[in-house]
Amino acid sequence: MRVKIFVSLKNGVLDPQGKAIERSLHTLGYTEVGDVRVGKYLEVEVNAASRTEAESRVREMCDKLLANTVIEHYRFEIEE
Amino acid sequence: MRWGVITFPGSCDDHDVFDSLKSDLRQQVKFLWHKEELKGQFDCIVLPGGFSYGDYLRCGAMARFSPIMRGVVEFAQRGGLVMGICNGFQILCEAGLLPGALVRNAGLQFVCQQVHLRVEETDAPFTAGMKKGQLLRMPVKHGEGCYYADPKTLEQLHKQRQILLRYVDAKGKSTAAANPNGSLENIAGVCNERRNVFGLMPHPEDACSKLLGGDDGAKIFSSIAAASAEKARQHA
């Protein structure tokens, strides 16, 4: 199974990269742009017997290593 | 006093710490390789600065799973002194030995400059040899040193008086201009609740000799050595 994992900074955590990109977009004339937040996207190939098993393993991976839950949120999608 | 300095792949200040402790402070120091188990008798373990594992994923995220870290966690749980400088601070936060996290500098730039620090608490071995409000001058050099803690954790830090160092100006005021990286409340160094684990972004090892522009950093190391000697006397 292919798992797509999205890691993003929690609200309240400064995202200076997002702010710089927001300003750049404004400079380019995209005045409709509001808040920009930068995150991470990972694709992980997982061998699992079932979707439920993959879910619980990936959640563990995220909590342990892939995200720092002090500052980040994560969500993931599993593709068969 | 017996010090251990851990080398992770990508550590680059391990030799600075080693040399400062050995030549400037006349201490017993040993290098420890991250892949080995923590063996031997130590009074303080130092996690040095650098870019462990290339700072991949997040600074310190992978180093915390290096084999030696199991022993470091146990050592800290037994009350051993652990100190993380810069990348070492990031690793200790990732390992859950210290509260909060270090994120990208607010100004997005890598900062490399001298800073002034104010000693906020002196009832931890790391600052016990100093006076509350004392100013120290030493360098910072990092891209991800912006200290963050959620409001609940911050309240805890205040209550337990875990903030040991703050960035200040030359007069000792914690202003926004004196904050090199956007750290919450100008926080430069914190300890754990038990006060035996300490992390700081500035580099005391690069300020241990007047020849290198200052020796305020040595005050932190000698403070630890004095506190450790005192503890040994009490146990003797």
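Residues numbered from 1 in each chain as written. Chains lettered and ligands numbered in written order. Predicted model: local features only at pLDDT ≥ 70, side-chain atom pairs only at ≥ 80, totals over all residues.

Regarding the overall build of chain B
Consideration 1: For chain B, the count of helices and strands is five helices and 11 strands.
Consideration 2: For chain B, the C-alpha radius of gyration of 16 Å lies close to 18 Å, the compact-globule estimate for 236 residues.
Consideration 3: In terms of principal-axis extent, the alpha carbons of chain B reach across some 45 × 40 × 40 Å.
Consideration 4: For chain B, the proportion of its 236 residues judged to be buried stands at 54%.
Consideration 5: In chain B, the proportion of contacts linking residues at least 24 apart, taken out of those at least 6 apart, comes to 76%. (Helix = DSSP H or I, 4+ residues; strand = E, 2+ residues; numbered from the N terminus. Rg over C-alpha atoms; globule rule 2.2 N^0.38 Å. Buried ≥ 20, exposed ≤ 12 C-beta atoms within 10 Å, placed from the backbone. Contact = placed C-beta atoms within 7 Å.)

A few points about the overall build of chain A
Consideration 1: If you tally the helices and strands in chain A, you get two helices and three strands.
Consideration 2: Taken over 80 residues, chain A has a buried fraction of 15%.
Consideration 3: Summarising the internal contacts of chain A: among those between residues at least 6 apart in sequence, 66% fall at separations of at least 24.

Some details on the environment of Gly12 of chain A
Consideration 1: Relative to the helices and strands, Gly12 of chain A is located in the loop between strand 1 (2-9) and helix 1 (16-27).
Consideration 2: A C-alpha to C-alpha distance of 28 Å links Gly12 of chain A and Arg57 of chain A, two positions 45 residues apart in sequence.

Observations concerning the interface of chain A and chain B
Consideration 1: Residue-level contacts link nine residues of chain A with 13 residues of chain B.
Consideration 2: Examining the composition of the side of chain A that touches chain B, we find that three residues originate from one element, helix 1 of chain A, more than from any other.
Consideration 3: Residues that form the side of chain A that touches chain B fall into these classes: seven nonpolar, two polar and no charged. (Nonpolar A, V, L, I, M, F, W, Y, C, P; charged D, E, K, R; others polar.)

Some remarks on the sheet that holds strand 3 (residues 72-79) of chain A
Strand pairing in a sheet relies on backbone hydrogen bonds. The paired strands run either parallel or antiparallel.
All names here are of chain A.
Consideration 1: Across the sheet, three strands lie side by side as 2-1-3; this open sheet has antiparallel pairing. In this open sheet, the two edge strands, each paired with only one partner strand, are strand 2 (39-45) and strand 3. Strand-to-strand twist of the sheet, defined as the mean angle between neighbouring strand axes without regard to direction, takes the value 20 degrees.
Consideration 2: When strand 1 meets strand 2, the two strands line up antiparallel, connected through seven bridges. In the strand pairing of strand 2, Ile5 is matched with Leu42.
Consideration 3: Here helix 2 (residues 51-66) sits on the sheet and contacts strand 1, strand 2 and strand 3; the angle it forms with strand 3, its principal contact strand, is near 150 degrees. (Pairing = 2+ DSSP bridges. Axes fitted to C-alpha atoms, helices over the stretch in contact; angles between N-to-C directions.)

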